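# Topology and contacts: notes
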Amino acid sequence: MFVETGGDTPAQARAHAEAIVRAAADGTTDSLIVDDPAGQRALWRIREDASGTATRMPDGTEAWPGWEDCAVPPARLGPYLRDFRGLLSQHGLRGTPYGHFGDGCIHVRIDFDLLSETGVRRFRRFSEDLAELVVAHGGSLSGEHGDGQARAELLPKMYGPELVDLFGRIKDVWDPHGLLNPGVLVRPARLDENLRFAVLPRGPVDVEFAYPHDGGDFSAAVRRCVGVAKCRTEAAPSGGVMCPSFRVTGEEAHSTRGRARLLHEMLAGEVVTDGWQSTEVRDALDLCLSCKGCRTDCPVGVDMATYKAEFLHHHYEGRRRPAAHYSMGWLPRWLRLVQHARAAGVVNTLARVGPLAALGKRLGGIASERRIPRVAPETFSAWWRRDLRRRVQVARRGGAARFGGDGPEVVLWPDTFTEHLAPQVGRAAVRVLEEAGLSVLLPPTRVFDYRPDGLSAVAGLLPSRRGRVCCGLTYVSTGQLDRARAVLRRTLDLMRPVIDSGLPVVVLEPSCAAALRTDLPELLPDEPRARHLADSVLTFAEALERFAPHWDPPRVDRPAVGQTHCHQHAVLGDAAERRLRERAGLDGELSGGCCGLAGNFGFEEGHYDVSVACAEEQLLPAVRAADDGAVVLADGFSCRTQLEQLEREGGRPGRHLVEVLAEALGITP
């Protein structure tokens, strides 16, 4: 039994719950009163998500409505459920009932095969048998939601043909031309007609991602959406993200459900007839922030960010892309060119010359309201090499040079943002990890090929080409999946020694860590190294918790505000970060929702207003309302940039957790 209480105080609410439990004691075998807010939220999520969660069997196969709310008298519920399960077994079907047992009105999703003729025939036979079973137990075919087209053909089993005929004659009196709800209740269509899956492709669609949870079938991935509409919320759920663009526009087409439905129609080809070239689908996906919030917050795990990347890949295949795809999609390439040309100072100067900056933004498809981020004069990797040389020189002179702790080795991933735009985050991470006793390495920058002549590993290594590791995030988010796959293969070649040694890889940027954990193995499903690298990825807090469990972080003892990164929430989880903040005395809950910048999204022309509206939902109000001494935490470069650009006057900068800890330790990176 699950009881919602509405007392004015926690004590009153608990007393209320205890009174209800005592009143039901005669029929209650056990009870548990949950007064912890987190526990209550978890229970409510189980209840709210049940209709979506039940659409998947434990083995991942699909389940569907069809007998969603037939009802029997509560006193007959036990015998009816026994007969119901027997009928499922008889037809070789499985189902997960999830409510409302107290009313005798059973919601259940059943693993019908609605894609094949054999499966549809089984659906019909089962439906006819179940209708007779419900009537035999004195029940109703529809206990809550009405008969509609799903059960109307079977109403004669409950009412008898004479009464159903009377229904028809009465309707003819008031609706002689049959204009109102034709085919519903009176002279209905067959229950196995007009099933929405009949028009879908019979075989898997040729796609780029592996869709491992849907058997590689893009159609099955799109079918995950069953219209529960948890994405249609006016405010972000507590700690949740989905769906920020809908909350800004309020339009169905900008909800996860609306976008999934459009993709369904695109695959069906009846309403949306131009397939991957559809402008309707493109326009609906345009305001998707690729925050991946739906991957976790949606009860059935719809991953619209992946679907968007898939669509953009096919939509622009062989065609000219928007300018932003070249300017921001290729950001790692442009920043490396700036580095090789030693032109950071020149780029930064030009970006501050109004007319030149305006021209550059116009050519690059960047919103005119945005300021171009400053490129660091020294990359993180360059600092690393310089610092390493300094330590070697100190050691040679007989000084005390520290080269890391005595603990395990970890590889610190120099993502594009940390490498070129925020190297101070990488420097702080090196110092804190070493302070915790870990030895920090960086990924190789040269690919080595094994000679096929049987020589030893050392003698048989031949230097080949140079390169930099990259998670491919900017290429994925703009749908340039061929380029993303090439970048990821080069990264796997570079990371071969790290993968072979089984070293953990610490990634500071949440979006990059999420890309390595999910996009990498889903774009390269037949590459074993991809799965190995994905499994080795850790966040900064996870690395400390796993490899330096006895290290005590410095006490900051200040309130903390900010926002959990969308990809952290959706893919990585933030339990380790929460525990680290608690141990460091950083009190306070971080906001849900999305910062609105979301990588390239908030920089693209036409997205600025939506981007700002997303930030104004939770992040900016929380920061403005915080005490003067509060720490503003933002582990993502996008989140920090959004705060910097929207709260420039009198605003407090967002900082990565590693920067806060390094400052508390008195370490100068």
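Above this note sits the structure.
Residues numbered from 1 in each chain as written. Predicted model: local features only at pLDDT ≥ 70, side-chain atom pairs only at ≥ 80, totals over all residues. Heavy atoms only, no water.

### Section: the sheet that holds strand β4 (residues 439–441)
Here 4 strands make up an open sheet; going across it, the order is β4-β3-β7-β8 and the pairing parallel. Two strands in the sheet have a free side with no partner beyond their single neighbour: β4 and β8 (537–538). Judged from the 2 bridges that link them, strand β7 (residues 505–507) and β8 form a sheet pairing that is parallel. Across the sheet, the residue bridging to V506 is L538, located in β8. (Pairing = 2+ DSSP bridges. Helix = DSSP H or I, 4+ residues; strand = E, 2+ residues; numbered from the N terminus.)

### Notes on the pattern of salt bridges
Taken as a whole, this structure holds 37 salt bridges when the rule is applied. With its nearest N and O atoms 3.1 Å apart, the salt bridge here joins R94 to D111. One end of the pair, R94, is in the loop between α3 (77–90) and β1 (95–99); the other, D111, is in the loop between β2 (107–110) and α4 (117–136), with 17 residues separating them in the sequence. By relative accessible area, R94 is classed as partly exposed at 35%. On the basis of relative accessibility, which here comes to 16%, the residue D111 falls in the buried class. Linked by salt bridges that have partners in common, R124, E128, E153, R190 and D192 make up one network. (Salt bridge = Lys/Arg side-chain N within 4 Å of Asp/Glu carboxyl O. Buried < 20%, exposed > 50% of the residue type's maximum accessible area, 1.4 Å probe, protein only.)

### Considerations on the nonpolar core
In terms of nonpolar packing, the biggest core is built from 113 residues, with F218, M266, M304, L412, F540 and L586 touching the most fellow members. The dominant element in this core, judged by the number of residues it contributes, is helix α24 (residues 510–523), at 7 residues. With residues up to four places along the chain from it excluded, the contact list for F540 reads A429, V432, L433, V506, V507, L508, L580, V658 and L661. The next biggest cluster of nonpolar side chains, apart from the first, holds 27 residues, and it includes L77, L93, A131 and L141. (Core = buried A, V, L, I, M, F, W, Y, C linked by side-chain atoms within 4.5 Å. Contact = heavy atoms within 4.5 Å.)

### Description of the packing of helix α26 (residues 540–547) against helix α28 (residues 575–583)
The contact between α26 and α28 brings their axes to 8 Å, and the two run at 75°. By the criterion of interaxial angle, the relationship of α26 to α28 is roughly perpendicular. The segment α26 lies against α28, with F540, A541, E542, L544 and E545 engaging A576, E577, R579 and L580. (Axes fitted to C-alpha atoms, helices over the stretch in contact; angles between N-to-C directions. Parallel < 35°, antiparallel > 145°, perpendicular 65-115°, else oblique.)

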